[in-house]
Amino acid sequence: MEMDGKTAVITGGAGGIGGGTARMFAGRGAKSIWLADIDDVNGEKLAEELREFCACEYRHVDVTSEEAVLNFFEGIGSSLDVMFNCAGITSVKGLMETDAALWNRIMGVNVTSAFLFSREAMRIMSAQKSGCIVNVSSISAYVGGIRTSPAYAASKAAIIGLTRALAKYGAPVGVRVNAVVPGLVDTDMTRAKDFVYSTSEVPLGYIAKTSDIAGAVLFLAGEAGNYITGQCLNINGGMYFA
Ligand SMILES: NC(=O)c1ccc[n+]([C@@H]2O[C@H](COP(=O)([O-])OP(=O)(O)OC[C@H]3O[C@@H](n4cnc5c(N)ncnc54)[C@H](O)[C@@H]3O)[C@@H](O)[C@H]2O)c1
């Protein structure tokens, strides 16, 4: 199986896409999964559920805090196969309602976190000369947002640049780095009452299930993705062709 014997860290692991990916990893042979999030109730609950299949631990980590990230890595040991940077937030506030505090909060959770976790994962992976990092961008990076703050589109475009920079760093030391680029996915983020969308915007006629994204993460992280690095894979039901 794709994740046979592998160890993974998932930020936003208590959430929709992160949790769905943890479930898929557990079902595909993962040896151990670390969930990092601030949603302690859902994080602990999922870790307990997945312990039926593999070792799984939840850790409370504010992914914007360098200190918290460094503490987290001190606790996970010296081997890591898959780093999935999935924590993220959005806002429906438009340009004129976006102040610097909101901008910085979105950048912190969506971009700084991926930088911090990737840097620490890269330390471990480059030493073992293997590993795979998967980031989460968004269709918003290409289309300028789907009625969301410009900060969200900017943060997800930054993820594409970060992915490519990390891929260049990682290739000579045996580490691949890619991103998934979802369109609309059925999670708490899109279920929020002020997030307005219509399935008529999606040519395939429905918004993605978390497993639709998790399957692509599994593909990139597993052996089938061995020669793929620096790529940003669109998973959007035909909403946008890049
Ligand atoms: N749902 C969509 O339509 C969609 C589309 C494109 C991209 N994405 C991206 O997918 C990723 C996952 O989002 P989701 O849809 O599963 O939403 P979600 O709200 O279900 O999950 C996000 C998770 O991030 C966690 N989080 C937020 N701030 C944090 C912090 N400071 N420290 C640690 N954890 C924190 C939340 O607690 C939550 O569990 C995000 O990066 C999001 O931008 C989502």
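Throughout what follows, the structure given in this document is the object of discussion. (Residues numbered from 1 in each chain as written. Predicted model: local features only at pLDDT ≥ 70, side-chain atom pairs only at ≥ 80, totals over all residues.)

1. Looking at the overall build of the chain
Here's step 1: Regarding its fold elements, the chain presents eight helices and seven strands.
Here's step 2: Taken over C-alpha atoms, the radius of gyration comes to 17 Å for the chain, in line with the 18 Å a tight globule of 242 residues would show.
Here's step 3: For the chain, the C-alpha atoms occupy an extent of roughly 45 × 40 × 35 Å along the three principal directions.
Here's step 4: Per-residue burial over the chain gives 48% buried out of 242 residues. (Helix = DSSP H or I, 4+ residues; strand = E, 2+ residues; numbered from the N terminus. Rg over C-alpha atoms; globule rule 2.2 N^0.38 Å. Buried ≥ 20, exposed ≤ 12 C-beta atoms within 10 Å, placed from the backbone.)

2. With respect to the nonpolar core
Here's step 1: Grouped together as the largest cluster of nonpolar side chains are 70 residues, with contacts concentrated most on Ile33, Leu35 and Val217.
Here's step 2: Not counting the four nearest positions on each side in its chain, valine 217 is found in contact with Thr21, Phe84, Val134 and Val180. (Core = buried A, V, L, I, M, F, W, Y, C linked by C-beta atoms within 7 Å. Contact = placed C-beta atoms within 7 Å.)

3. Looking at the site of the ligand
Here's step 1: Taken together, the neighbourhood of the ligand is formed by 29 residues, with Gly12, Gly15, Gly16, Gly88 and Thr187 sitting nearest.
Here's step 2: Of all the secondary-structure elements, those providing two or more residues to the shell around the ligand are α1 (16–27), α4 (100–128) and α7 (188–191).
Here's step 3: Along the lines of polarity and charge, the residues of the shell around the ligand split into 14 nonpolar, 11 polar and four charged. (Near = placed C-beta within 6 Å. Nonpolar A, V, L, I, M, F, W, Y, C, P; charged D, E, K, R; others polar.)

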